[in-house]
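Residues per chain, in single letters:
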Amino acid sequence: MHTLLEEKLCYPALALIVLAVFYGIFLLSVLCMKDSWRAGIPDKDKTELVTGGIYRYSRNPAFLGFDFMYIGVLLMYGNLLTFGFSVFAMFMLHLQILQEERYLESAFGTAYTEYKKQVFRYLGRKSF
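Residues numbered from 1 in each chain as written. Predicted model: local features only at pLDDT ≥ 70, side-chain atom pairs only at ≥ 80, totals over all residues. Heavy atoms only, no water.

(A) Molecular detail of the overall build of the protein. Within the protein, the secondary structure is distributed over 4 helices and 0 strands. Across the protein, helices and strands are ordered from the amino to the carboxyl terminus as α-α-α-α. Counting the 128 residues in the protein, one finds 30% classified as buried. Considering only contacts in the protein between residues 6 or more positions apart, those separated by 24 or more positions represent 67%. For the protein, the exposed surface amounts to about 8600 Å²; the carbon and sulfur share of it is 68%. (Helix = DSSP H or I, 4+ residues; strand = E, 2+ residues; numbered from the N terminus. Buried < 20%, exposed > 50% of the residue type's maximum accessible area, 1.4 Å probe, protein only. Contact = heavy atoms within 4.5 Å. Areas by Shrake-Rupley, 256 points an atom, 1.4 Å probe, with all protein chains shown as cover.)

Quick look at the structure:
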């Protein structure tokens, strides 16, 4: 049987693990983007479509990392206010992803469409 102390330490430890996953995913996504990092701002200079590294497994690893961060914060504090804030933030990030995908389709055309056929929006490959 778990002691009260073990029970109280469970959620913060899990939250720290989730936050560590967030930082790792976010760092990998930034490193893979190199000069193509735009953060939602249309770039006047043509950049290349990044499909390697962590982008082989997620079309939006930075945003996925942010989602993990909000889940970690929710696990850490676990109250209604944090739940509402986390759901709102994750929804807003999803809207940002949809906007980014429209931009990428217009900027890269068929190359991005083919990439979408192989990699899920959040996590996983559709085919190898």
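(B) Summary view of the pattern of salt bridges. Overall, the coordinates contain 4 salt bridges when judged by the stated rule. The closest approach of N and O atoms between Glu101 and Arg59, which form a salt bridge, is 2.8 Å. Remark: Arg59 occurs in the loop between helix H1 (4-33) and helix H2 (61-77) and Glu101 occurs in helix H3 (residues 80-108); sequence separation between them is 42 residues. Among the residues examined, Glu101 registers a relative accessible area of 4% and is labelled buried. In this structure, Glu114 engages Lys117 in a salt bridge whose closest nitrogen and oxygen atoms are separated by 3.2 Å. With a gap of 3 residues between them, Glu114 and Lys117 both fall in helix H4 (residues 110-118), about one helical turn apart. Residue class for Glu114 comes out partly exposed when judged on its relative accessible area of 37%. Residues participating in the shared-partner salt-bridge network are Arg59, Glu101 and Arg121. (Salt bridge = Lys/Arg side-chain N within 4 Å of Asp/Glu carboxyl O.)

(C) Expanded view of the packing of H2 against H3. In the contact formed by H2 and H3, the axes pass within 9 Å of each other and the chain directions differ by 175°. The angle between H2 and H3 falls in the class roughly antiparallel. The segment H2 lies against H3, with Phe63, Phe66, Asp67, Tyr70, Ile71, Val73, Leu74 and Tyr77 engaging Thr82, Phe83, Phe85, Ser86, Ala89, Met90, Leu93, Gln96 and Ile97. (Axes fitted to C-alpha atoms, helices over the stretch in contact; angles between N-to-C directions. Parallel < 35°, antiparallel > 145°, perpendicular 65-115°, else oblique.)

(D) Just the environment of Tyr122, in detail. One can find Tyr122 in the segment after H4. Among the residues examined, Tyr122 registers a relative accessible area of 26% and is labelled partly exposed. Residues Tyr122 and Ser58, spaced 64 residues apart in sequence, show a C-alpha to C-alpha distance of 5.2 Å. Setting aside residues up to four positions removed in sequence, Tyr122 forms contacts with Tyr57, Ser58, Leu64, Asp67, His94 and Ile97.

(E) Structural view of the nonpolar core. By size, the foremost hydrophobic cluster in this structure holds 10 residues: Ile25, Leu49, Val50, Ile54, Tyr55, Leu104, Phe108, Tyr112, Tyr115 and Val119. Every element with two or more residues in this core is listed here: H3 and H4. The residues touching Tyr115, leaving out its near neighbours within four places in the chain, are Leu49, Val50, Thr51, Tyr55, Ser58 and Arg59. Grouped together as the second largest cluster of nonpolar side chains are 8 residues, Phe22, Met69, Tyr70 and Ile97 included. (Core = buried A, V, L, I, M, F, W, Y, C linked by side-chain atoms within 4.5 Å.)

(F) Focus on the packing of H3 against H4. Relative orientation of the contacting elements H3 and H4 amounts to 130°, with a least axis distance of 6 Å. As judged from the angle between their axes, H3 and H4 are oblique. Between H3 and H4, the residues in contact are Glu101, Leu104, Glu105 and Phe108 and Thr110, Ala111, Tyr112 and Lys116, respectively. Grouping the constituent residues of the contact of H3 with H4 by class yields 4 nonpolar, 1 polar and 3 charged. (Nonpolar A, V, L, I, M, F, W, Y, C, P; charged D, E, K, R; others polar.)

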